[in-house]
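Observations on chain architecture
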Amino acid sequence: MAEIVGAYFTSHVPAIGGAIHKGIQQEPYWKPFFDGFPKVHEWLAEVKPTVAVVFNNDHGLNFFLDKMPTFAVGAAHEYQNADEGWGLPLYKPFKGDPGLSWHIIEQLVDDEFDITTCQTMLVDHALSIPFELAWPGVDEWPVKLVPLHINTVQHPLPSAKRALAFGRSVHRALASWGADERIVVIGTGGLSHQLDGERAGFMNSDYDRFCMDHLASDPDALTKHDVHEIVRLAGTQGVEILNWIAARGALGAGAREIHRNYHLPISNTAAATMLLDPA
Amino acid sequence: MVAPPKQPIPGTHLFDGEAAAKGLALNAMCYSFNDAANRAAFLADEEAYCAKYHLTAEQRAAVAARDVIGMIRAGDNIYYLAKLAGIFGLNVQDVGSMQTGASLAAFNEMLAAQGRGETYETAHREMTHG
């Protein structure tokens, strides 16, 4: 049987990838953020995951607005990164785990989630940067990938309550997966930030701390705000907290916080990194 | 039943169905900039490239003026707009400065002030009034 070894959460600001590429992680601007990662590396070396189930959001690479699924599940043998419009160096490809993808899809549909399934899916910085942060400098990723996409771009977005239920359904699939795998759940993005409008540059550490303080012990507390209220509290792009909420659901009922790093600003974003053990 | 309209959030333009419908042509053009050849084609002949995507007059004017708030009002989504901004070498701080009307230095200082524990409201007031 598969084992869920824990959950890893981190922000995915594109500039983080730039800092990694330039090798400036120890410069004063970046150090407080990258200082959150030695503990992540140590933890991953201990729990030794073989598969990553990742909740993230596309930023106009794989999905255009002509077809925008609320929830989509990748079921590919391989996932590639591609030019996101800035001509940056491409991130490494990812090996898929289509067997687990289809097992998750079966469970989600059985639980009445009307998802989109994707046998091809490009993955962007929202997925690549958390991997670069977790496994710096490797030639190939030590885990297979199942990517799950949540629409955080075009309103109406799914509610936080729905995102948590989505994650809990994924948990049921992981808990019943017969393969001998060690599964790490990953939630990416956030925390508070707003890129667009006259309120650009908005961050809110009070709300971020509320989210981090309740993530392990009481994730349902994060579902008391509707999406409009989350935009008000976290900023237009802070709604990426939906990825964290879904990932928390996928970890299982109990969780224990073992690591947290929070630093702002990274670009326009309040950046956070957390690790949770199952409990 | 559809919920009643929510209280607007100051300085915030929700990218909802109305915006998505209004902005489709502009967002389609910006989406095309994932391809380097299309970025080059835009730079070589901006007028022709915009015409190919049938931008509305409002969208074309906002793009010509490099008016970020104007593009958002015309239905551009920031993730797509960021691809256009990238063509001009602008990052999200540049775009933030353009939207708030503050200098780049003042916008960056507003971000840094929040890093020192100031609330957004205080940091924003200092950015606006010095």
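Residues numbered from 1 in each chain as written. Chains lettered and ligands numbered in written order. Predicted model: local features only at pLDDT ≥ 70, side-chain atom pairs only at ≥ 80, totals over all residues.

Under an unreviewed UniProt entry, the name given to chain A is Protocatechuate 3,4-dioxygenase, and the organism recorded is Novosphingobium flavum.

**Quick word on the interface of chain B and chain A**
How big an interface is tends to be stated in terms of the accessible area lost upon association of its parts. In plain terms, the rule: In this description, a residue-residue contact is defined by the distance between C-beta atoms placed from the backbone, which must lie within 7 Å. In this description a helix means any DSSP run of H or I spanning at least four residues, a strand means any run of E spanning at least two, and both kinds are numbered starting from the N terminus. Side-chain classes are defined by residue name, with Ala, Val, Leu, Ile, Met, Phe, Trp, Tyr, Cys and Pro counting as nonpolar, Asp, Glu, Lys and Arg as charged, and the others, Gly among them, as polar.
Taken residue by residue, the interface counts 36 residues in chain B and 32 residues in chain A. Elements with a minimum of two residues in the side of chain B that touches chain A: helix 2 (24-32), helix 7 (78-87), helix 8 (92-100) and helix 9 (104-115) of chain B. Taken together, the residues of the side of chain B that touches chain A sort by class into 20 nonpolar, 13 polar and 3 charged.

**A short note on the nonpolar core**
Short version of the rule: Only buried Ala, Val, Leu, Ile, Met, Phe, Trp, Tyr and Cys residues enter a nonpolar core, and they are joined through C-beta atoms within 7 Å. Every C-beta atom is placed from the backbone, and the number of other C-beta atoms within 10 Å of a residue's own sets its class: buried at 20 or more, exposed at 12 or fewer, partly exposed in between. Segment limits for the domains were obtained from an automatic or database-derived domain assignment.
Counting residues in each nonpolar core, the largest one holds 122 residues, and the members touching the most others are Val53(A), Val185(A), Ala246(A) and Ala247(A). For this core, the element with the most residues is helix 9 (residues 241-251) of chain A, which contributes 8 residues. Composition of this core by domain shows at least three residues from each of domain 1 (16-89) and domain 2 (91-130) of chain B. Ignoring any residue separated from it by four or fewer positions in sequence, one finds Val53(A) in contact with Val146(A), Leu148(A), Val170(A), Leu174(A), Ile183(A), Val185(A) and Ala250(A).

**Re the domain arrangement of chain B**
All names here are of chain B. By domain assignment, chain B separates into domain 1 (16-89) and domain 2 (91-130). The set of elements that each furnish at least two residues to the side of domain 1 that touches domain 2 consists of helix 6 (68-73) and helix 7. Here the side of domain 1 that touches domain 2 is composed, by residue class, of 4 nonpolar, no polar and no charged.

**What about the environment of Ala105(B)?**
Residues and elements named next belong to chain B. With respect to the helices and strands, the residue Ala105 is situated in helix 9. Judged by the 11 C-beta atoms lying within 10 Å of it, Ala105 falls in the exposed class. Between the C-alpha atom of Ala105 and that of Asp94, which follows or precedes it by 11 residues, the distance is 9.6 Å.

**Observations concerning helix 7 of chain B**
Residues and elements named next belong to chain B. For helix 7, the tally of buried residues reaches 8 of 10 residues, placing the bulk of the element in the interior. Every buried residue of helix 7 is accounted for by Ile78, Tyr79, Tyr80, Leu81, Ala82, Lys83, Leu84 and Ala85. Of the surrounding secondary structure, the elements contacted by the buried residues of helix 7 are helix 2, helix 6 and helix 8. With its phi angle positive at about 75 degrees, Gly89 sits one or two positions after the end of helix 7.

**With respect to the sheet that holds strand 9 (residues 255-266) of chain A**
Residue and element names in this part refer to chain A. We count it as follows: At least two DSSP bridges between two strands are required for those strands to pair. The angle between two axes is taken between their N-to-C directions and runs from 0 to 180 degrees, where each axis is a line fitted to C-alpha atoms and a helix contributes only its stretch in contact.
Strands sit in the order 6-3-7-2-8-1-10-9 across an open sheet of 8 strands; the sheet is mixed. At either margin of the open sheet sits one strand with a lone partner, and together these are strand 6 (116-118) and strand 9. The average undirected angle you get between the axes of adjacent strands in this sheet is 15 degrees. Note: strand 1 (residues 3-10) against strand 10 (residues 269-278), 4 bridges, orientation antiparallel. Looking at the pairing, Phe9 lines up with Met274 of strand 10. Taken strand by strand, helix 6 (residues 160-175) contacts strand 1, strand 2 (51-56), strand 3 (71-74), strand 7 (144-150) and strand 8 (182-188), and its axis lies near 165 degrees from that of strand 2. Here helix 9 sits on the sheet in contact with strand 1, strand 2, strand 7, strand 8, strand 9 and strand 10, set at roughly 160 degrees to strand 8.

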